[in-house]
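# Analysis of the macromolecular model
Read off the chains here:
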Amino acid sequence: MDKKVIIILYLSVAVIAIAFLILVISLTKTLKSVKETLDSVSNTLDSLEKQLQGVTGETTMLLHKTNALAEDIQQKTEKLETVVDGVQGVGQAVQGIGNTVSDLNTSLEKVSRSVSSAVVRNEDKIIQIVQWGTALKELKDKWMSDKKKTANTAASSYRDDSSEVMVRTQQLESGRG
């Protein structure tokens, strides 16, 4: 039994050594795979870090531009408020002018109605004045033409004109009638 035990012991040690060798080979393969995976993860993280730095820089620039734009918008809003206030003032002035023009139109309508009613009321008097004006004009024209004629002709013509003016005046008064 002794020899058998020794053989079994040697065999056991050999089996243990082979099992340990298989374990070491397996662990080596696993560790190599893990190393490759970690290298890939490291490369990915390096790339991601570079991209993140680029994005951070762009984000910072975008933030500065956004702040500048917000300030510009604020300034323009303040200027626009000034313009709007000015436009409101102009609108009120235009409204005041419109009211003044409206009042003027109303006054002109009243005056026009007053003149129209006065013309209608005094229509007969106006017609008479126009007729007398026409007669006086004719008299003046006759007198001017008679002035050019000689004294003898003027005297006889004057009598004819006087009677003609009297006839014409009588006609106007009878036509008004």
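Model, not experiment: these values are computed from the prediction.

### Quick notes on the overall build of the chain
A tally of helices and strands in the chain yields three helices and zero strands. For the chain, the N- to C-terminal ordering of α and β elements is α-α-α. Surface summary for the chain: the accessible area is close to 15,600 Å², and the carbon and sulfur share equals 65%.

### A closer look at a nonpolar patch on the surface
Taken together, the side chains of Phe20, Leu23, Val24, Leu27 and Leu31 make up a nonpolar region of the molecular surface, amounting to roughly 490 Å² of accessible area. Judged by its relative accessible area of 34%, valine 24 is partly exposed.

### Remarks on the pattern of salt bridges
Within the structure shown, the criterion is met by three salt bridges. Residue lysine 35 pairs with aspartate 39 through a salt bridge whose shortest N-O separation is 3.9 Å. Separated by four residues within a single helix, lysine 35 and aspartate 39 lie in helix α1 (residues 2-121), roughly one turn from each other. In this structure, lysine 76 and aspartate 72 form a salt bridge, with 3.2 Å as the shortest nitrogen-oxygen distance. Here the residue lysine 76 and the residue aspartate 72 both occupy positions in helix α1, the gap between them amounting to four residues, near one helical turn.

### Points about helix α2 (residues 123-148)
Over its 26 residues, α2 extends 38 Å from the first C-alpha to the last, a length consistent with the 38 Å expected when each residue adds 1.5 Å. Among all positions of α2, only Gln131, Ala135 and Asp146 are buried.

### Considering the confidence of the model for the chain
Residues shown with low pLDDT carry predicted positions that ought not to be read at fine detail. Mean pLDDT for the chain: 80, with 83% of residues reaching 70 or above. When pLDDT is averaged over each helix and strand of the chain, the minimum, 60, is found for helix α3 (residues 151-176) and the maximum, 86, for α1.

About the cut-offs
- Residues numbered from 1 in each chain as written.
- Predicted model: local features only at pLDDT ≥ 70, side-chain atom pairs only at ≥ 80, totals over all residues.
- Heavy atoms only, no water.
- Helix = DSSP H or I, 4+ residues; strand = E, 2+ residues; numbered from the N terminus.
- Areas by Shrake-Rupley, 256 points an atom, 1.4 Å probe, with all protein chains shown as cover.
- Patch = residues over 30% accessible without salt bridge, like charges linked within 9 Å, V, L, I, M, F, W, Y side chains within 5 Å.
- Salt bridge = Lys/Arg side-chain N within 4 Å of Asp/Glu carboxyl O.
- Buried < 20%, exposed > 50% of the residue type's maximum accessible area, 1.4 Å probe, protein only.
- Expected span 1.5 Å × (residues − 1).
- pLDDT = per-residue confidence, 0-100.

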